[in-house]
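Listed here are the chains, written in short residue letters.
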Amino acid sequence: MPIFWRVVYWTSQFLTWILLPFMQSYARSGGFSITGKIKTALIENAIYYGTYLLIFGAFLIYVAVNPHLHLEWNQLQTIGIAAANTWGLFLLVLLLGYGLVEIPRSYWNGAKRGYLLMKTYFKAAKLMTEKADAEETLEDVMEEVRKVNESIKYNHPLRKCVDTILKKCPTEYQEKMGRNMDDYEDFDEKHNTYPSEKSLVKLHKQVIYSVQRHRRTQVQWQILLEQAFYLEDVAKNETSATHQFVHSFQSPEPENRFVQYFYSPTVEWYWECLLRPWFYRILAVVLSVFSVIVVWSECTFFSTTPVLSLFAVFIQLAEKTYNYIYIEIACFLSIFFLSICVYSTVFRIRVFNYYYLASHHQTDAYSLLFSGMLFCRLTPPLCLNFLGLTHMDSSISHQNTQPTAYTSIMGSMKVLSFIADGFYIYYPMLVVILCIATYFSLGTRCLNLLGFQQFMGDNDMTSDLVDEGKELIRREKRKRQRQEEGENRRREWKERYGHNREDSTRNRNVHIDPKESDISTNRSASKYIRANNRTERDRIELLQDAEPLDFNAEAFTDDPLESEPGRYQPGGRYLSMSRSRIFDDV
């Protein structure tokens, strides 16, 4: 186990402090070569690495100046671990304080259909604004690409960079711009001003970001429409007397037969309209009890003489009876709930459009790598905090117990006593303040005062956005209804008259007379002759001066249109297939 924990711990530390930040800058770079991207990533991470080296140097100086401490390799390793865990514990308490309140409240509000529908309308209004902004930004960037595409010709050394940028553009813009191959003059003859490679790198970066954002808003808009339509269907079906769930729109994908058999419209009505709200309420109550236990234990886990931490009480009761299975179950459920509270908050974080985790594979590489850094950074302090809650960490409980495999690789925290005896014990108590602030939505109210639109039920701006979103959803619903009605009419028309038309056409072709076939052919030919415009007649009259290769006096007529090459003649043959052997010279 110590070997296993060493591999896991140092691998996660290498990822979160060295590799993932480098990959983040590499993915965000707009360079056109691997060397250019690596150079950009190294420059951007120089400040990042320098900041943490400064913090580590401060701890190192503290240990070196302290006369009671002797600097050794194990102590140096302990200082590095303590510095990383201190930063991780700071993030852990912030995220945990939000998740302990928001997760039970989200399930409790999930039982309120009216609340969910209003929030969906609010999201629709905000997303439409973001969608319009993304489309406008994409148009501006594509205009810049068009100018660059027109200025840099085919033989310019930077033409390969322009082609790389064009490949990242949407298909419709690629078809409009195409490749500039019309002008074959040398690029240096007129001494025009051309963009530099640095400006093309910046443009490449803007194209990648704008295209990703535009695609993300389009997909999220479709998902939000489906969610709004479904919530409106639930609201309508709650008063249904037949107890069968009726959808406004049919699903585009065919459902599985197994799902259709067991999840019938009656079962769906009982689940969506009757059972699901009560299930969410019960789940919210259970999660609230777990949250209260976590908050109480975070504030009292330092007390060992009367054991006040409920996690420690449960584990110590199992130790007396040597019930190892109960210890495993209790530890698993505890860590599982803590992980949900912490990690789910990571998915809710949104720093403008700079960092944003979007569903349905619409998250960019930068945000994915940033979330991976947070996960690697939060896991070690989360495990250490859990060991402190259960009094398994001897450096916190101050008991002469056998250390766990995880705490054995941490080293003795007595090297930094002000962290082991101060920060690790008293800082988690701040989770109470964070929970109170989350319960009263202080962060949401502050963002709303700063101009960032947040969903608040008692706000005039929220009401206006809800009405705007409701109108947008209604407009999209009418548009989709018209499309479905048109498709249904075309389908009914094809089913009703398609077979009759095919049968009548087949019978007409079977009973037609050969003479009538020639007459109909001549009629269609004459109709085609009358339909030709003046330009076609002028073109054929100009070609009449030259004698055709398959000239035949018997088939020659005065009308130039009837002597057109390839035209079917009443005699039953084509002029181009005459007996003059025009292919003998080939």
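Residues numbered from 1 in each chain as written. Predicted model: local features only at pLDDT ≥ 70, side-chain atom pairs only at ≥ 80, totals over all residues. Heavy atoms only, no water.

Going by the annotation in an unreviewed UniProt entry, the name recorded for the protein is LMBR1 domain containing 2, with Molossus molossus given as the source organism. Per UniProt, the comment on the protein under Subcellular location (unreviewed entry) is "Membrane". Recorded in UniProt for the protein, the comment headed Sequence similarities (unreviewed entry) runs: "Belongs to the LIMR family." (UniProt positions renumbered as here; feature names shortened; annotations may be inferred.)

Let's shift gears to a negative patch on the surface. On the surface, Glu136, Glu139, Asp140 and Glu144 cluster together to form a negatively charged patch. Given the relative accessible area of 47%, aspartate 140 is considered partly exposed. (Patch = residues over 30% accessible without salt bridge, like charges linked within 9 Å, V, L, I, M, F, W, Y side chains within 5 Å. Areas by Shrake-Rupley, 256 points an atom, 1.4 Å probe, with all protein chains shown as cover. Salt bridge = Lys/Arg side-chain N within 4 Å of Asp/Glu carboxyl O. Lys, Arg positive; Asp, Glu negative; His and termini not counted. Charge placed at Lys NZ, Arg CZ, Asp CG, Glu CD. Buried < 20%, exposed > 50% of the residue type's maximum accessible area, 1.4 Å probe, protein only.)

To continue, consider helix H1 (residues 2-28). For H1, with 27 residues, the first-to-last C-alpha span of 37 Å sits near the 39 Å given by 1.5 Å per residue. At leucine 15, H1 is deflected by roughly 45°, the largest bend along its length. By the burial criterion, the buried members of H1 are Tyr9, Ser12, Gln13, Thr16, Trp17, Leu20, Pro21, Gln24 and Ser25. (Helix = DSSP H or I, 4+ residues; strand = E, 2+ residues; numbered from the N terminus. Expected span 1.5 Å × (residues − 1). Bend = angle between axes of the 7 residues up to and from the residue.)

Look at the UniProt record and you will see "transmembrane region" (unreviewed entry) annotated at residues 6-26, 46-65, 77-101, 278-295, 325-346, 366-387 and 423-442. For the annotated span residues 77-101, helix accounts for 100% and strand for 0% of the residues, and the straight-line distance between the end C-alpha atoms is 36 Å. Helix and strand shares over residues 325-346 are 100% and 0% respectively, and the end C-alpha atoms of the span are 31 Å apart.

Per the UniProt entry, the sites bearing "coiled-coil region" (unreviewed entry) are residues 124-151 in this numbering. Taken end to end, residues 124-151 has its terminal C-alpha atoms 40 Å apart, with 100% of it in helix and 0% in strand.

Further remarks concern the pattern of salt bridges. One side chain can pair with another of opposite charge once the charged atoms of both are near each other. In this structure the tally under the stated criterion is 13 salt bridges. Residues arginine 159 and aspartate 163 are paired through a salt bridge, measuring 3.2 Å at the closest nitrogen-oxygen approach. Here the residue arginine 159 and the residue aspartate 163 both occupy positions in helix H5 (residues 159-168), the gap between them amounting to 4 residues, near one helical turn. Judged on exposure class, the residue arginine 159 and its partner aspartate 163 are both buried. The residue glutamate 226 makes a salt bridge to arginine 480 at a minimum N-O spacing of 2.7 Å. Here arginine 480 lies in helix H18 (residues 460-510) and glutamate 226 lies in helix H7 (residues 197-237), a separation of 254 residues in the sequence. Accessibility expressed as a relative area gives 41% for glutamate 226, which makes it partly exposed. A network of salt bridges, in which partner residues are shared, links Arg113, Glu272 and Arg276.

With 48 residues, the main nonpolar core has Leu96 and Leu100 as its most contacted residues. Of all the elements, helix H3 (residues 73-110) adds the most residues to this core, at 12 residues. Here leucine 96 is in contact with Val294, Glu298, Leu338, Cys341, Val342 and Val431, once residues within four sequence places are set aside. (Core = buried A, V, L, I, M, F, W, Y, C linked by side-chain atoms within 4.5 Å. Contact = heavy atoms within 4.5 Å.)

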